[in-house]
Amino acid sequence: MPLLDGLQVVRSRIHGYGVVTTRPYRTGEILCYGDGVLYPADAEFDDTYALVLPGEDTETGEPLFWDLVCQTRWFNHSCDPNTEVMLKWDRELARMTAWWVVLRDIPIGEEITYDYAFVADVAEPCRCGAPACRGVIVDDDPDNLARLPDHLRALLRVPARAAS
């Protein structure tokens, strides 16, 4: 797999490995496209690096998993991300496309992040270090937050609690 232009995998201050920029990026620019392997919801695989396309966005009504196999798998979570991941399912080609759009100007050397926005069932403590960190890697939709287990609910910080 060729390296993604303008990006470099490094040890991360957030978690394990991360990806930093080797050139500046501007708001609205497409940072990169991600490559992956497509899995149906009932497949058994390690989904650690998978993006999930909800069932309402597929023709089957079942979610699809796009398991990242390129450097994008090292993009870490942040509650104050500098990119947003976009997913599109092409039914005719039976193909997933994933790309990251820059949310604010990113200088050389900044780590690439996006908001994982996990559902409550797979939420986990957050260590992103952002000033507005929610304390938990979770979608802050009030209905989703209501399903958080008590031990994770206790970790929620003020901005997320206000949404619940």
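Because the structure is a prediction, the values reported are computed rather than measured.

Further remarks concern the overall build of the protein. For the protein, the count of helices and strands is three helices and twelve strands. The C-alpha atoms of the protein give a radius of gyration of 16 Å, which matches the 15 Å a tight globule of 164 residues would have. Each principal axis of the C-alpha atoms in the protein carries an extent, and together these give about 45 × 40 × 25 Å. Relative to its 164 residues, the protein shows a buried fraction of 39%. Taking the contacts inside the protein whose residues are at least 6 apart along the sequence as the reference set, 58% of them involve residues at least 24 apart. When the accessible surface of the protein is split by element, carbon and sulfur atoms take 51% of a total near 9400 Å². Between the mean site of the 15 positive side-chain charges and the mean site of the 27 negative ones, the protein shows a separation of 7 Å.

A few words on the sheet that holds strand β6 (residues 64–68). The three strands lie next to each other as β4-β6-β5, forming an open sheet whose pairing is antiparallel. What marks the edges here is a single partner per strand, and that holds for β4 (36–40) and β5 (50–53). On average, each strand axis in the sheet is inclined to that of its neighbour by 25°, with strand direction left out of account. Of the pairings in the sheet, the one linking β4 to β6 comprises five bridges and is antiparallel in character. Along β6, the bridge assignment pairs glycine 36 with leucine 68.

Moving on: the side chain of threonine 83. Positionally, threonine 83 belongs in strand β8 (residues 83–90). What makes threonine 83 buried here is its relative accessible area of 1%. Beyond its immediate stretch of four places on either side in the chain, threonine 83 contacts Leu31, Trp100, Val101, Val102, Leu103, Ile106, Ile112, Thr113 and Tyr114.

This paragraph deals with the nonpolar core. Within the largest apolar cluster, 20 residues are counted, with the highest numbers of intra-cluster contacts made by Leu7, Leu31, Cys32, Leu51, Phe75 and Trp100. Elements represented by at least two residues in this core include exactly β3 (30–34), β5, β6 and β9 (95–102). With four residues, β9 is the largest single contributor of residues to this core. By size, the runner-up hydrophobic cluster in this structure holds eight residues, among which are Val136, Val138, Leu145 and Leu152.

Take the pairing of strand β1 (residues 7–11) next. Sheet topology note: the β1/strand β2 (residues 17–21) ladder contains five bridges and is antiparallel. By the bridge assignment for β2, leucine 7 is matched with threonine 21. Taken together, β1 and the strand that follows it, β2, pair antiparallel across an intervening segment of five residues, in which glycine 16 is found at a positive phi of about 50°.

Rules used throughout
- Residues numbered from 1 in each chain as written.
- Predicted model: local features only at pLDDT ≥ 70, side-chain atom pairs only at ≥ 80, totals over all residues.
- Heavy atoms only, no water.
- Helix = DSSP H or I, 4+ residues; strand = E, 2+ residues; numbered from the N terminus.
- Rg over C-alpha atoms; globule rule 2.2 N^0.38 Å.
- Buried < 20%, exposed > 50% of the residue type's maximum accessible area, 1.4 Å probe, protein only.
- Contact = heavy atoms within 4.5 Å.
- Areas by Shrake-Rupley, 256 points an atom, 1.4 Å probe, with all protein chains shown as cover.
- Lys, Arg positive; Asp, Glu negative; His and termini not counted.
- Charge placed at Lys NZ, Arg CZ, Asp CG, Glu CD.
- Pairing = 2+ DSSP bridges.
- Axes fitted to C-alpha atoms, helices over the stretch in contact; angles between N-to-C directions.
- Core = buried A, V, L, I, M, F, W, Y, C linked by side-chain atoms within 4.5 Å.

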